[in-house]
Amino acid sequence: MYKINEKLTRVTARLRIAAQNANRNPEEIALIAASKGQGVAQIKAVYAGGQRLFGENYLQEALEKQGQLHALSDIQWHFLGPIQSNKTRAIATHFAWAHSLDRYKIAKRLSEQRPHTLPPLQVCIQVNIDDEINKAGVSCSELDTLATQIDALPNIQLRGLMAIPAKSNNAEQQKTAFNRLALALKMLRTGTRQGPLDTLSMGMSKDLEVAISAGATMIRVGTDIFGPRLTPSNAQPEDTQ
Ligand SMILES: *Cc1c(COP(=O)(O)O)cnc(C)c1O
């Protein structure tokens, strides 16, 4: 428990320093604790450290943990994983945000199935920013069309873009990819869009500083908050392919 809070504190400090280095207000950068492959005890410990935004990738795993954590009613749940059609109802019901939208069919179902007692589901379009084969996400050229389609849906609200760049240890290369996503959001904003396109969901444990320097407003951090994931089958961000 104690160790996990120390890790959370360290990540929060990294966020703040990266923001300062980029002349940005740290308050405009949200930290999502990516808790896939982590147990309920781990999540409780991070919650006790003050964390309220949590991200999950696998619906079944997420629902089980949400059930056990339901007393912590001010957790805001973010869906980060691939969204299959047969999962849309549960995602629309049990999450505040979905970051990984990349098809109109899914968007339409989420809007139709969002319970009317809840505010609109907040969504990001996932962009395959390095044009990787087999990676989830739309290409930049498809972005405008999908954004326009989403705008017409009543119960989901487009907030911005999400990407998982190709693996790289080269900060320049990482930065180029993040800059591309930032530019893509800027281009979307020049259209006549509904709602605030204020979200750049990018940056994970290894590259959060670079992402923040490129304008990230939400970073999704798992390993550096929780330590290694307990279930290796759920291990990698690449699973979102
Ligand atoms: C797992 C995951 C993360 C967190 O990755 P870490 O490297 O553990 O920080 C972020 N985003 C998505 C979409 C993920 O699947």
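Parameters and conventions
- Residues numbered from 1 in each chain as written.
- Predicted model: local features only at pLDDT ≥ 70, side-chain atom pairs only at ≥ 80, totals over all residues.
- Heavy atoms only, no water.
- Helix = DSSP H or I, 4+ residues; strand = E, 2+ residues; numbered from the N terminus.
- Rg over C-alpha atoms; globule rule 2.2 N^0.38 Å.
- Buried < 20%, exposed > 50% of the residue type's maximum accessible area, 1.4 Å probe, protein only.
- Areas by Shrake-Rupley, 256 points an atom, 1.4 Å probe, with all protein chains shown as cover.
- Lys, Arg positive; Asp, Glu negative; His and termini not counted.
- Charge placed at Lys NZ, Arg CZ, Asp CG, Glu CD.
- Near = heavy atom within 4 Å.
- Polar contact = N/O pair within 3.5 Å; in protein donor to acceptor, adjacent residues only side chain to side chain.
- Nonpolar A, V, L, I, M, F, W, Y, C, P; charged D, E, K, R; others polar.
- Salt bridge = Lys/Arg side-chain N within 4 Å of Asp/Glu carboxyl O.
- Pairing = 2+ DSSP bridges.
- Right-handed = clockwise from strand over helix to strand, strands pointing away.
- Expected span 1.5 Å × (residues − 1).
- Arc of directions from axis to C-beta.
- Contact = heavy atoms within 4.5 Å.
- Phe/Tyr/Trp six-rings, centres within 6.5 Å; stacked < 30°, edge-to-face > 60°.

For the rest of this paragraph, the subject is the overall build of the protein. Within the protein one finds 9 helices and 8 strands. For a compact globule of 241 residues, the expected C-alpha radius of gyration is about 18 Å, and the protein comes in at 17 Å, within 12% of that figure. C-alpha extents for the protein along the principal axes are approximately 45 × 40 × 35 Å. Classification of the 241 residues of the protein by burial places 52% in the buried group. Counting only carbon and sulfur atoms, one obtains 52% of the accessible surface of the protein, whose full area is about 11,400 Å². Separation between the mean location of the 28 positive side-chain charges and that of the 22 negative ones in the protein comes to 3 Å.

Right, let's get into the site of the ligand. The full set close to the ligand counts 14 residues, and Lys 36, Asn 57, Ser 205, Thr 223 and Arg 229 are the nearest of them. Asn 57 is positioned with one of its side-chain polar atoms (N or O) 2.7 Å from an oxygen atom of the ligand. At 2.5 Å, a side-chain N or O of Ser 205 approaches an oxygen atom of the ligand. Within the complex, the protein chains bury 96% of what would otherwise be the 390 Å² of accessible surface of the ligand. Looking at the shell around the ligand residue by residue, the classes come out as 6 nonpolar, 5 polar and 3 charged.

Here we come to the pattern of salt bridges. This structure, assessed with the given rule, holds 11 salt bridges. Notably, a salt bridge pairs Glu 209 with Arg 14, separated by 2.7 Å at the nearest N-O pair. Taken as a pair, Glu 209 in helix 8 (residues 208-213) and Arg 14 in helix 1 (residues 2-21) lie far apart in primary sequence, 195 residues in all. In this structure Arg 14 comes out as partly exposed when scored by relative accessible area, which is 23%.

Within the secondary structure layout, Ser 205 lies in the loop between strand 7 (199-201) and helix 8. A relative accessible area of 8% means that Ser 205 is categorised as buried. A distance of 3.5 Å separates a polar atom in the side chain of Ser 205 from the backbone nitrogen of Thr 223.

Here we take up the pairing of strand 1 (residues 30-34). Within strand 1, 4 of the 5 residues are buried, which leaves the element mostly enclosed by the surrounding structure. The pairing of strand 1 with strand 8 (residues 218-221) spans 4 bridges and is parallel. The partner of Ile 32 across the bridge, within strand 8, is Arg 220. Read as a crossover between parallel neighbours, the route from strand 1 over helix 2 (residues 40-48) to strand 2 (residues 53-56) is right-handed.

Helix length check: helix 6 (residues 140-151), at 12 residues, gives a terminal C-alpha distance of 17 Å against a target of 16 Å (1.5 Å per residue), a fit within 8%. Buried within helix 6 are the following residues: Leu 143, Leu 146, Ala 147, Ile 150 and Asp 151. For helix 6, the angular spread of buried residues about the axis comes to 135°, placing them on one side. Where the residues of helix 6 are buried, they touch strand 4 (97-101), helix 5 (104-113), strand 5 (121-126), strand 6 (156-162) and helix 7 (171-190).

Take the environment of Thr 199 next. Along the chain, Thr 199 turns up in strand 7. Note on Thr 199: relative accessible area 3%, which makes it buried. Expressed as a C-alpha distance, the spacing of Thr 199 and Ile 29, which sit 170 residues apart in the sequence, is 9.4 Å. With residues near it in sequence (within four places) discarded, Thr 199 still touches Trp 97, Cys 124, Arg 159, Gly 160, Leu 161, Leu 185, Thr 217 and Met 218. Of the polar contacts made by the side chain of Thr 199, one reaches the side chain of Asp 198; its length is 2.8 Å.

In this section: the packing of aromatic side chains. Under the definition given, this model contains 2 aromatic pairs. A ring pair is formed by Phe 54 and Trp 77, whose centres lie 6.0 Å apart and whose planes are at 45°; its orientation type is tilted. With Phe 54 in strand 2 and Trp 77 in strand 3 (residues 76-79), this residue pair connects regions lying 23 residues apart in the sequence. With a relative accessible area of 0%, Phe 54 lands in the buried category. Ring centres of Phe 79 and Phe 95 lie 5.2 Å apart, and the angle between their planes is 85°; this geometry places the pair in the edge-to-face category. One end of the pair, Phe 79, is in strand 3; the other, Phe 95, is in the loop between helix 4 (88-94) and strand 4, with 16 residues separating them in the sequence. The same class applies to Phe 79 as to Phe 95, namely buried.

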